[in-house]
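So the chains spell out like this:
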Amino acid sequence: MSKLDQILVLDPPVDLKFKGPFTDVVTTNLKLKNPSDRRVCFKVKTTAPRRYCVRPNSGVIEAGATVIISVMLQPFDYDPNEKSKHKFMVQTIFAPPNVSDMDSLWKDAKPDDLMDSKLRCVFELPSENDKVNDVEATKAAPVMNSAKADPSSASVPVTASLDESEMKKVLEKCKRLQAEMNKLAEENRQLKDEGVRMRKVPRSDHMTSNSTSLLGREASTASLPSLLVVIAAIFIGFFLGKFIL
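## As for the overall build of the protein
Then, number 1: Within the protein, the regular secondary structure consists of 4 helices and 9 strands.
Then, number 2: In sequence order, the secondary structure elements of the protein are arranged as β-β-β-β-β-β-β-β-α-β-α-α-α.
Then, number 3: Burial status across the protein gives 25% buried among its 245 residues.
Then, number 4: Counting only contacts in the protein whose residues sit at least 6 apart along the sequence, the fraction spanning at least 24 positions is 72%.
Then, number 5: Carbon and sulfur atoms form 57% of the exposed surface of the protein, whose accessible area is close to 17,100 Å².

Here you go:
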């Protein structure tokens, strides 16, 4: 009886390619597809078991399903003059209706029931173009990250110039407010002096009415600088806050 052909479809079918540098673990994937209407048991073997880690290395593939095998090559000193002799074999068998003990299944399997496919390992170093592209991508990544982190960075000079002009306007308005406050303070002082003089004069109904009028003006005038100070403080705080932020 002739040996059965492999029922699974392997991708890649012949070569397992590992792309360096090999100073760290290099992983490649092997896809196993079951196109049949039966369950298939599989097992992955290699000629260099200490150099590779395979997950999963065995199992059952349902009818019409696909399994992806991760083959991890351990770090090693790569010699381009040394030809790789590592090989893998995917061994399969149709699963019985009630399979429970996989070890016994493979141990008791008849050679004519087994199907297998062999793959060879190929080591590749990155080309010069790949190295250049990797370097450019590495340089471009920080620039892109900084642009994402601060999208308004391009508008900083314009904003700064606008803030400077606004600050000049604020300072000019502050000077004008200060001058008006000084003027009102001087008028307030004069009114206070006049009130003191009026208190020294003998009282009369006319003088009393004039004094009351003057005192009312004094009180209202005295409140104006305080109000202007509050308004000026709010105005200055608004623009200074906008300039700083």
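## Description of the sheet that holds strand β1 (residues 9–11)
Then, number 1: Pairing within the open sheet is antiparallel, and its 4 strands lie in the order β1-β3-β7-β5. Among the strands making up the open sheet, the edge pair consists of β1 and β5 (52–55). Averaged over all pairs of adjacent strands, the angle between their axes in this sheet comes to 20°, without regard to strand direction.
Then, number 2: Inspection of the sheet shows strand β3 (residues 26–33) paired to strand β7 (residues 66–73) by 8 bridges, in the antiparallel sense. Among the inter-strand pairings, Leu30 is bridged to a residue of β7, identified as Ile69.

## As for the sheet that holds strand β2 (residues 15–19)
Then, number 1: Reading across the sheet, the 5 strands line up as β2-β9-β8-β4-β6 and stay open at both edges, with mixed pairing between neighbours. The open sheet has two edge strands, β2 and β6 (58–61), and neither has a second partner. For this sheet, the mean angle separating the axes of adjacent strands, direction not counted, is 25°.
Then, number 2: For strand β8 (residues 87–94) and strand β9 (residues 115–124), the ladder comprises 6 bridges, and the chain directions are antiparallel. If you follow Lys87 over to β9, its bridge partner there is Arg120.

## Regarding the side chain of Gln6
Then, number 1: As for its placement among the helices and strands, Gln6 is situated in the segment before β1.
Then, number 2: A polar contact is formed between the side chain of Gln6 and the backbone oxygen of Val90, at a distance of 3.3 Å.
Then, number 3: A distance of 2.6 Å separates a polar atom in the side chain of Gln6 from a polar atom in the side chain of Thr92.
Then, number 4: In this view, Gln6 contacts Val90, Thr92, Met115, Asp116 and Ser117; residues no more than four positions away in its chain are not counted.

## Looking at the pattern of salt bridges
Then, number 1: Inspection of the entire model under this criterion finds 5 salt bridges.
Then, number 2: With a closest N to O distance of 3.3 Å, Arg189 and Asp193 form a salt bridge. Here Asp193 and Arg189 lie together in helix α3 (residues 156–200), a separation of 4 residues that amounts to about one turn.
Then, number 3: When salt bridges with common partners are traced through the structure, they connect Glu186, Arg189 and Asp193 into a single cluster.

## Digging into the packing of aromatic side chains
The description of an aromatic ring pair uses the distance of the two centres, along with the angle that the planes make with each other.
Then, number 1: If you walk through the whole model with that rule in mind, you get 9 aromatic pairs.
Then, number 2: Ring geometry for Phe76 and Tyr78: centres 6.3 Å apart, planes at 80°, overall edge-to-face.
Then, number 3: Using a relative accessible area of 18% as the deciding quantity, one classes Phe76 as buried.
Then, number 4: Measuring from ring centre to ring centre gives 5.4 Å for Phe76 and Phe123, while their planes differ by 50°; the resulting arrangement is tilted.

## Overview of the nonpolar core
Then, number 1: Counting 25 residues, the largest nonpolar core has Phe18, Leu32 and Tyr52 as its most contacted members.
Then, number 2: Listing elements by their share of this core, those giving two or more residues are β2, β3, β4 (40–46), β5, β7, β8 and β9.
Then, number 3: Among the elements that make up this core, the one with the highest residue count is β7 (4 residues).
Then, number 4: Leu32 has contacts with Leu8, Val9, Leu10, Phe42, Ile61, Ala65, Thr66, Val67, Ile69 and Val90, leaving out every residue within four places of it along the chain.

The rules behind each value
Residues numbered from 1 in each chain as written. Predicted model: local features only at pLDDT ≥ 70, side-chain atom pairs only at ≥ 80, totals over all residues. Heavy atoms only, no water. Helix = DSSP H or I, 4+ residues; strand = E, 2+ residues; numbered from the N terminus. Buried < 20%, exposed > 50% of the residue type's maximum accessible area, 1.4 Å probe, protein only. Contact = heavy atoms within 4.5 Å. Areas by Shrake-Rupley, 256 points an atom, 1.4 Å probe, with all protein chains shown as cover. Pairing = 2+ DSSP bridges. Axes fitted to C-alpha atoms, helices over the stretch in contact; angles between N-to-C directions. Polar contact = N/O pair within 3.5 Å; in protein donor to acceptor, adjacent residues only side chain to side chain. Salt bridge = Lys/Arg side-chain N within 4 Å of Asp/Glu carboxyl O. Phe/Tyr/Trp six-rings, centres within 6.5 Å; stacked < 30°, edge-to-face > 60°. Core = buried A, V, L, I, M, F, W, Y, C linked by side-chain atoms within 4.5 Å.

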